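# Topology and contacts: notes
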Amino acid sequence: MKKISAALWLILWAWTAAPTALAQRPGIPAIEKKLLEWVNKERTERQMGALKPSVALQKLAKAHSRDMASRRLLTHLSTTGKPYESRLTDAGMYFTEIGENVASSETYEGDFIHQGFMESPEHRANILNPHFDTIGIGVVLASDDKYYVTQDFLQSMQVLDKDMAAGFFKDEINKIRKEKALPSLSFQKTADLFAKNYAEKKANGKPLINIANFFGETHIHFITSPRLSLPEKVAREAAKGIYETGGVGAWFGRLPDYPGGTYMVALFLFPLNPYDEMTEDDFVKITLSALNKRREEKGLAPIRLDEKKAKQAQNISRQLKKHKESASVLPAISFRGRVFSYATEDLHIWPDNIESEIGMPNLKKIGIGVSSRKNEETRRQTFWVTLIF
């Protein structure tokens, strides 16, 4: 997490020269323009981007210079004790990194004022900060014929609405997957809505619901950053071949650690469904294997599939799926045996009341029927299992 940088809040500089006749003084806008030209000359000579002047930031800088002039005081704090960062947030401005230079001078010559800034390491660092892209310069002439100068710097933010921000991260993820020769992730509308809700709750410190109850196995990543960028760790995870679908939701606002504004992004990644492309016979084999593994743990002999009972069990499971029941809905047929039916999302898990049946030492054969349905929206698969002992 990158903290906001606000350099030079307590570092002051003043430069003085011999008074100049009032008639020779240029207007304040001309002095401000000259100071801007000198700042950008320093940057362009070093192959750095020129700073873009901001009307809103200039207004803020001018107000601070006026504040200093009224008090005859060089400071980074306003009359009400607010630092530059607070003045920015009060003005509704968003930023990722900030810095401020202040000075007082008895000369209007912009090159002399600028040279004084450049000879101070801290002020020079603000002028040549490669992250800054915006500047506001405010100059005020006080009644004692001193000029008070404020240079406000910041790195601006790209502020997108929540859906556009989420779209940015989706595009970045699929761009990386394409580079890895992987199919694009399919982002589900329902998952996006859940992720959006997750991002908002996370940002506001509210409890999060259990997503697994809705989507099954879900890998969740949170991204908190004022910059629209996909962290390397998250990029590596999203580029794994085990994922096929996901959901992205974004929130934007100010947080205590990010007073200039930040994005909070929730990313859901859903692993490939291990049961895709499998048949009912495959499901039966998986269930039988899981039951025998449990018997092996108990030191019991494995059981075999009873084909006749298996057909009866399969008929029951298909009826259960049809009616979406988790309890027995038995067809009108006659057979022998104890019947247990249940619904599950994992063929390796069964109800506790079946445990004693599985552990019967004299058990040799069993009938197993499994029918399933996958929710195409949530990608969760439900199995209706019937066991006839």
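All figures in this text were calculated on a predicted structure; none of them were measured in a lab. (Residues numbered from 1 in each chain as written. Predicted model: local features only at pLDDT ≥ 70, side-chain atom pairs only at ≥ 80, totals over all residues. Heavy atoms only, no water.)

## Digging into the pairing of strand 6 (residues 147-156)
- Extensive coverage of strand 6 is indicated by the burial of 9 of its 10 residues.
- Judged from the 10 bridges that link them, strand 4 (residues 95-105) and strand 6 form a sheet pairing that is antiparallel. The partner of Val 102 across the bridge, within strand 6, is Thr 150.
- Pairing of strand 5 (residues 134-141) with strand 6 involves 8 bridges; the strand directions are antiparallel. Following the sheet pairing, Ile 137 is matched in strand 6 by Gln 151.
- Remark: 5 residues form the turn of the hairpin made by strand 5 and strand 6, two consecutive strands paired antiparallel; Asp 145 in that turn has positive phi of roughly 65°. (Buried < 20%, exposed > 50% of the residue type's maximum accessible area, 1.4 Å probe, protein only. Helix = DSSP H or I, 4+ residues; strand = E, 2+ residues; numbered from the N terminus. Pairing = 2+ DSSP bridges.)

## A closer look at unusual backbone geometry
- One non-glycine residue, Gln 47, adopts positive backbone phi at about 55°.
- If you trace the backbone, Gln 47 turns up in the loop between helix 1 (28-45) and strand 3 (52-53).
- One non-glycine residue, Arg 72, lies in the positive phi region at around 55°.
- As for its position among the elements, Arg 72 is in the loop between helix 2 (55-71) and helix 3 (84-90).

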